[in-house]
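Residues per chain, in single letters:
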Amino acid sequence: MSIRHGLLALLEPGPRYGSQLRTEFESRTGATWPLNVGQVYTTLNRLERDGMVAQDGEDDAGHALYVITDAGRAELKSWFETPVDRSSPPRDELAIKLAMAVGAPGVDIRAVIQSQRHHTVKAMQDYTRLKAQALAAIESGGSQERDDVAWLLVLEQLIFQTEAEARWLDHCEVRLIRLSAAAERAAGHPTTASLISPPPHAEPPPHPASSTQPTSAAHARPAPPT
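Residues numbered from 1 in each chain as written. Predicted model: local features only at pLDDT ≥ 70, side-chain atom pairs only at ≥ 80, totals over all residues. Heavy atoms only, no water.

1. Looking at the nonpolar core
Item 1. L7, L8, L11, L21 and L44 are the most contacted members of the largest nonpolar core, which has 16 residues in total.
Item 2. Listed by contribution, the elements that provide at least two residues to this core are α1 (3-11), α2 (18-29), α3 (37-49) and β2 (64-68).
Item 3. If one sorts the elements of this core by residue count, α1 sits on top with 5 residues.
Item 4. Excluding its chain neighbours within four sequence positions, the residues that come into contact with L8 are L47, M52, V53, I68, G72, E75 and L76.
Item 5. Counting residues in hydrophobic clusters, the runner-up holds 10 residues, among them L130, A134, W151 and I159. (Core = buried A, V, L, I, M, F, W, Y, C linked by side-chain atoms within 4.5 Å. Buried < 20%, exposed > 50% of the residue type's maximum accessible area, 1.4 Å probe, protein only. Helix = DSSP H or I, 4+ residues; strand = E, 2+ residues; numbered from the N terminus. Contact = heavy atoms within 4.5 Å.)

2. Some thoughts on α1
Note on helix geometry: an α-helix contains 3.6 residues per turn, so any two residues three or four positions apart are oriented the same way.
Item 1. By the criterion of burial, α1 is predominantly enclosed, with 7 of the 9 residues buried.
Item 2. What α1 keeps buried is the set I3, H5, G6, L7, L8, L10 and L11.
Item 3. Next to the buried residues of α1 lie α2, α3, β1 (53-58), β2 and α4 (70-81).

3. Some details on the pairing of β1
Item 1. Where β1 lies against β2, 4 bridges are found, and the strand directions are antiparallel. Across the sheet, the residue bridging to Q55 is Y66, located in β2.
Item 2. Between β1 and β2, which pair antiparallel in sequence order, lie 5 residues; one of them, G62, sits at a positive phi of approximately 90 degrees. (Pairing = 2+ DSSP bridges.)

4. Topic: the packing of α1 against α3
Item 1. As a packed pair, α1 and α3 sit with axes 10 Å apart at the nearest point and diverge in direction by 80 degrees. In terms of orientation, α1 and α3 fall into the roughly perpendicular class. Along its contact with α1, which presents I3, R4, L7, L8 and L11, the element α3 presents Q39, V40, T43, L44 and L47.
Item 2. Its residues assigned to classes, the contact of α1 with α3 shows 7 nonpolar, 2 polar and 1 charged. (Axes fitted to C-alpha atoms, helices over the stretch in contact; angles between N-to-C directions. Parallel < 35°, antiparallel > 145°, perpendicular 65-115°, else oblique. Nonpolar A, V, L, I, M, F, W, Y, C, P; charged D, E, K, R; others polar.)

5. Looking at the packing of α2 against helix α7 (residues 145-187)
Item 1. In the contact formed by α2 and α7, the axes pass within 6 Å of each other and the chain directions differ by 55 degrees. On the basis of the axis angle, α2 is oblique to α7. Contacts from S27, R28 and T29 of α2 reach α7 at R146, D147, A150, W151 and V154.
Item 2. Looking at side-chain class alone, the contact of α2 with α7 contains 3 nonpolar, 2 polar and 3 charged residues.

6. Notes on α3
Item 1. With 13 residues, α3 should cover 18 Å at 1.5 Å per step; its first-to-last C-alpha distance of 18 Å lies within 8% of that length.
Item 2. As for α3, its buried residues are in contact with α1, α2, β1 and β2.
Item 3. Directly after α3, the chain includes G51, whose backbone phi takes a positive value near 80 degrees. (Expected span 1.5 Å × (residues − 1).)

7. Some remarks on the packing of aromatic side chains
Item 1. Taken as a whole and assessed by the stated rule, the structure comprises 2 aromatic pairs.
Item 2. Seen from their ring centres, W79 and F80 are 5.1 Å apart, and the 40 degrees between their planes marks the pair as tilted. (Phe/Tyr/Trp six-rings, centres within 6.5 Å; stacked < 30°, edge-to-face > 60°.)

8. Focus on the pattern of salt bridges
Item 1. One pass over the structure, following the stated rule, counts 13 salt bridges.
Item 2. We note a salt bridge from D126 to K122, for which the minimum N-O separation is 2.9 Å. With D126 and K122 both in helix α6 (residues 109-140), this residue pair falls 4 residues apart, about one helical turn.
Item 3. Residue R129 pairs with D126 through a salt bridge whose shortest N-O separation is 3.1 Å. Here R129 pairs with D126, and both are found in helix α6, just 3 residues apart, close to one helical turn.
Item 4. Overall, the relative accessible area of 9% leaves D126 in the buried class.
Item 5. Ionic contacts of the salt-bridge type, sharing partners, join the residues R110, R117, D170 and E173 into one network. (Salt bridge = Lys/Arg side-chain N within 4 Å of Asp/Glu carboxyl O.)

Given below as structure tokens:
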């Protein structure tokens, strides 16, 4: 996540001080990626060192104000115009966990998948409920529409991400079952080299559509599930 470019974008409309930038960043993203004031000021100091922001006096309360420079605007313009690089994807803990669980002694990889699927579907339901609340707030016209639209886009990205993760977990389970069955057929009998244990009897997870309605039409922006 580029805190650096996020702060430059927030400085584009005019001068801001550190805690104001933190508040606006979290409001725009629904506190999905919370910042602390230390992170903000550390980033501002680096941006100032690189000539992308400058201090511009103080407000009436004595807060040091920062403004974006021409170099900062050029950097921000380049950031908006350049696609996010996907050639070196960030490490994904879940993918690493399943990769390490394959063939690991004493690890029931199917149980690992089912546990994660339950958590992922619950997160999807929570995000969908928050999306309905954000839409209701936008349609009511009684809120800061820019921040609500920004939060809605973040929520929809999280929903698509969790939907894709749930599908991938289903795919992993089917793939491992097929590979395990193929290994047993090749050996002519059940083999200890099986990749997963026999599937336990378990109730399927609830469908995410069951929780798509908000509990309240009032605008709320609680922290997303962790």
